[in-house]
Amino acid sequence: MSDMTLTGQTWVAFGPAGAVGSVHRIDGGYTFKLMADPGFRAAYPSLDVAKSALYAALLPGAEWPEFREH
């Protein structure tokens, strides 16, 4: 979404095969994108909700990723 302003905080999501996506703090909440996404997804009110949304966007059967702040 082009109207989001990233604040600089980023959490990279790692699965067994490496990075699968990232969560970013934006003005007023958080957003995420998977590695294959061309852009960011919707805005979410909290970090936990954005992490859950990223996980829900993974393929069925995927493990919960490890989130590392960068």
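The coordinates are above.
To keep things clear, this report deals only with the structure shown in the data block. This one's a predicted model, so the numbers in the text were calculated from it and none came from an experiment. (Residues numbered from 1 in each chain as written. Predicted model: local features only at pLDDT ≥ 70, side-chain atom pairs only at ≥ 80, totals over all residues. Heavy atoms only, no water.)

Helix and strand counts for the chain come out as one helix and four strands. Scanning the chain from its N terminus toward the C terminus, one meets helices and strands in the order β-β-β-α-β. Since a compact globule built from 70 residues should have a radius of gyration of about 11 Å, the 11 Å found for the chain is in line with a globular shape. Per-residue burial for the chain yields a buried fraction of 36% across its 70 residues. Within the chain, residue pairs in contact and separated by at least 24 positions form 35% of the contacts whose partners lie at least 6 positions apart. Total accessible area on the chain is roughly 4,200 Å²; 56% of this is exposed by carbon and sulfur atoms. (Helix = DSSP H or I, 4+ residues; strand = E, 2+ residues; numbered from the N terminus. Rg over C-alpha atoms; globule rule 2.2 N^0.38 Å. Buried < 20%, exposed > 50% of the residue type's maximum accessible area, 1.4 Å probe, protein only. Contact = heavy atoms within 4.5 Å. Areas by Shrake-Rupley, 256 points an atom, 1.4 Å probe, with all protein chains shown as cover.)

Our focus in this paragraph is the side chain of Ser-22. By secondary structure assignment, the location of Ser-22 is in strand β2 (residues 18-26). Residue classification places Ser-22 among the buried positions, given a relative accessible area of 12%. One polar contact links Ser-22 to His-24, side chain to side chain, over a distance of 2.7 Å. In contact with Ser-22, other than residues within four places in its own chain, are Thr-10, Trp-11, Val-12, Ala-13, Thr-31, Phe-32, Lys-33 and Leu-54. (Polar contact = N/O pair within 3.5 Å; in protein donor to acceptor, adjacent residues only side chain to side chain.)

Purely spatial values, then, with no claim about function.
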